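Descriptive structure summary
If you want the building blocks of each chain, they are given just below.
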Amino acid sequence: MHALVVFFDAEADAKVRELWRRIGSTFEYPPHLTFAIAGTIGPKVRAELREDLSRLWLPDLYLHTLGVFSTTENVLQLGAVVDGELLAVHSAIHDVLAGRVKDPQAYYLPGNWVPHCTLAHGMDDEALVEAFAAVHPVGTIRAKVHEMSIVDTQTGGIDPLRKASTAPR
């Protein structure tokens with residue numbers, strides 16, 4: 001599987017890692033927010049993404065809402081505030097991906113996407129409640145985008161598409 005993600009600046013990364021520490025979570029990858037997942041995001045599509053992303057400003061993310069959801073496993077997550085800028089970047093990404101990637105995951109498509117940073121997953125109900133209580137309340141974490149990359153979840157490889165925006169803040 002290939003995931004298109006943004007990694008956070010050092011300060012936001014440290015704040016999320018502190019939440020992970022408090023609940024005993026460990027992850028293979030640094031804290032991130034996922035924009036898309038597909039079976040394959042090939043080289044030609046990556047090149048087009050690089051070109052399109054070079055014209056976009058990547059907005060800061062405000063990780064604000066502590067929540068849970070269950071799909072195939074329980075997830076404790078820190079939801080991002082959804083605004084027009086974030087949705088515009090998400091839409092631009094999916095315009096490039098549409099019809100050009102294999103096996104896109106529906107949870108990340110426009111209209112279904114719940115932008116979030118995972119704090120824990122795969123816990124039973126009791127552990128999930130305990131983890132929620134251990135980090136509640138969570139203050140807003142302003143996460144500046146450090147890098148947008150494709151992560152290969154099978155090999156562990158990370159292919160940077162774009163470094164942080166240099167647009168004035």
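Further up the page is the structure itself.
Residues numbered from 1 in each chain as written. Predicted model: local features only at pLDDT ≥ 70, side-chain atom pairs only at ≥ 80, totals over all residues. Heavy atoms only, no water.

1. Digging into the packing of helix α2 (residues 43-53) against helix α3 (residues 84-97)
- One can describe the packing of α2 onto α3 by two numbers: an axis separation of 10 Å at closest approach and a directional angle of 150 degrees. As judged from the angle between their axes, α2 and α3 are roughly antiparallel. Classified by chirality, the crossing of α3 by α2 is right-handed. Across the interface between the two elements, Val-45, Glu-48, Leu-49, Asp-52 and Leu-53 of α2 pack against Ile-93, Val-96 and Leu-97 of α3. (Axes fitted to C-alpha atoms, helices over the stretch in contact; angles between N-to-C directions. Helix = DSSP H or I, 4+ residues; strand = E, 2+ residues; numbered from the N terminus. Parallel < 35°, antiparallel > 145°, perpendicular 65-115°, else oblique. Left-handed = near helix turned anticlockwise from the far one by under 90°. Contact = heavy atoms within 4.5 Å.)

2. Some remarks on the nonpolar core
- Counting residues in hydrophobic clusters, the biggest one holds 51 residues, and the most contacted among them are Phe-8, Phe-35, Leu-49 and Leu-63.
- It is strand β1 (residues 2-8) that provides the largest number of residues to this core, a total of six residues.
- Residues contacting Leu-49, with those up to four places away along its chain left out, are Leu-4, Ile-41, Ile-93, Val-96, Leu-97 and Leu-161. (Core = buried A, V, L, I, M, F, W, Y, C linked by side-chain atoms within 4.5 Å. Buried < 20%, exposed > 50% of the residue type's maximum accessible area, 1.4 Å probe, protein only.)

3. Section: α3
- Between its terminal C-alpha atoms α3 stretches 20 Å, which fits the 20 Å expected from 14 residues at 1.5 Å a residue.
- Every buried residue of α3 is accounted for by Leu-86, Val-89, His-90, Ile-93, His-94, Val-96 and Leu-97. Projected onto a plane normal to the axis of α3, the buried residues spread over an arc of 155 degrees and lie on a single side. Exposed and facing more than 90 degrees away from the buried side of α3 are Gly-84 and Asp-95.
- In this fold, the buried residues of α3 make contact with β1, β2 (32-38), α2, β3 (61-70), β4 (74-80) and β7 (145-152).
- Where α3 begins, the side chain of Asp-83 points an oxygen toward the backbone nitrogen of Glu-85, at a separation of 3.3 Å.
- Following α3 by one or two positions, Gly-99 adopts a phi angle in the positive range, close to 75 degrees. (Expected span 1.5 Å × (residues − 1). Arc of directions from axis to C-beta. Polar contact = N/O pair within 3.5 Å; in protein donor to acceptor, adjacent residues only side chain to side chain.)

The values are spatial; any link to function lies outside them.
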